[in-house]
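Residues per chain are reported as follows:
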Amino acid sequence: MSHETVSMEEAMAARKILIEVLKTQGLFPGPMPPILMRNVGIDSENSDPRNHFIRVVLPVAEDVSGIPPEVNGVRVFILQDDRRWIARGL
């Protein structure tokens, strides 16, 4: 599949698969929503809004080596944030 032809629907379907992979790997340190929704999103290339990919944001401390670079032809772009996760209401 060409990355330039990945539709929003294809990206959303691949995102669901990737979320299951990330849950299995235990890569989310908090409750599933809203953290999961905020950290696994769909973006598109600025030059071509039809070129969708999955953006994953995780803390720097997480081992991201098990995250696939693409899911069903949809690219996975990983950002690692160096801010600490803050748990509220403990």
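To start, this report covers the structure provided alongside it.

Conventions used here
- Residues numbered from 1 in each chain as written.
- Predicted model: local features only at pLDDT ≥ 70, side-chain atom pairs only at ≥ 80, totals over all residues.
- Heavy atoms only, no water.
- Salt bridge = Lys/Arg side-chain N within 4 Å of Asp/Glu carboxyl O.
- Helix = DSSP H or I, 4+ residues; strand = E, 2+ residues; numbered from the N terminus.
- Buried < 20%, exposed > 50% of the residue type's maximum accessible area, 1.4 Å probe, protein only.
- Polar contact = N/O pair within 3.5 Å; in protein donor to acceptor, adjacent residues only side chain to side chain.
- Contact = heavy atoms within 4.5 Å.

Here we take up the pattern of salt bridges. By the definition in use, this model includes three salt bridges. Among the ionic pairs, Lys23 bridges to Glu20, the shortest N-O distance being 3.5 Å. Here the residue Lys23 and the residue Glu20 both occupy positions in helix H1 (residues 8-24), the gap between them amounting to three residues, near one helical turn. On the basis of relative accessibility, which here comes to 37%, the residue Lys23 falls in the partly exposed class.

What follows deals with the side chain of His52. Looking at the element boundaries, His52 is found in strand S2 (residues 52-59). Taking the relative accessible area as the measure of exposure, His52 reaches 11% and is therefore buried. One polar contact links the side chain of His52 to the main-chain carbonyl oxygen of Val6, over a distance of 3.0 Å. With near-sequence residues (within four places) excluded, His52 lies in contact with Val6, Ser7, Met8, Ala11, Ile42, Asp43, Ser44, Val74 and Arg75.

Glancing now at the environment of Leu18. With respect to the helices and strands, Leu18 occurs in helix H1. A relative accessible area of 0% means that Leu18 is categorised as buried. In the structure, Leu18 is positioned 53 residues away from Val71 in sequence and 6.9 Å away in space, judged by C-alpha atoms. Leu18 has contacts with Ile54, Val56, Ile67, Pro68, Val71 and Val76, leaving out every residue within four places of it along the chain.

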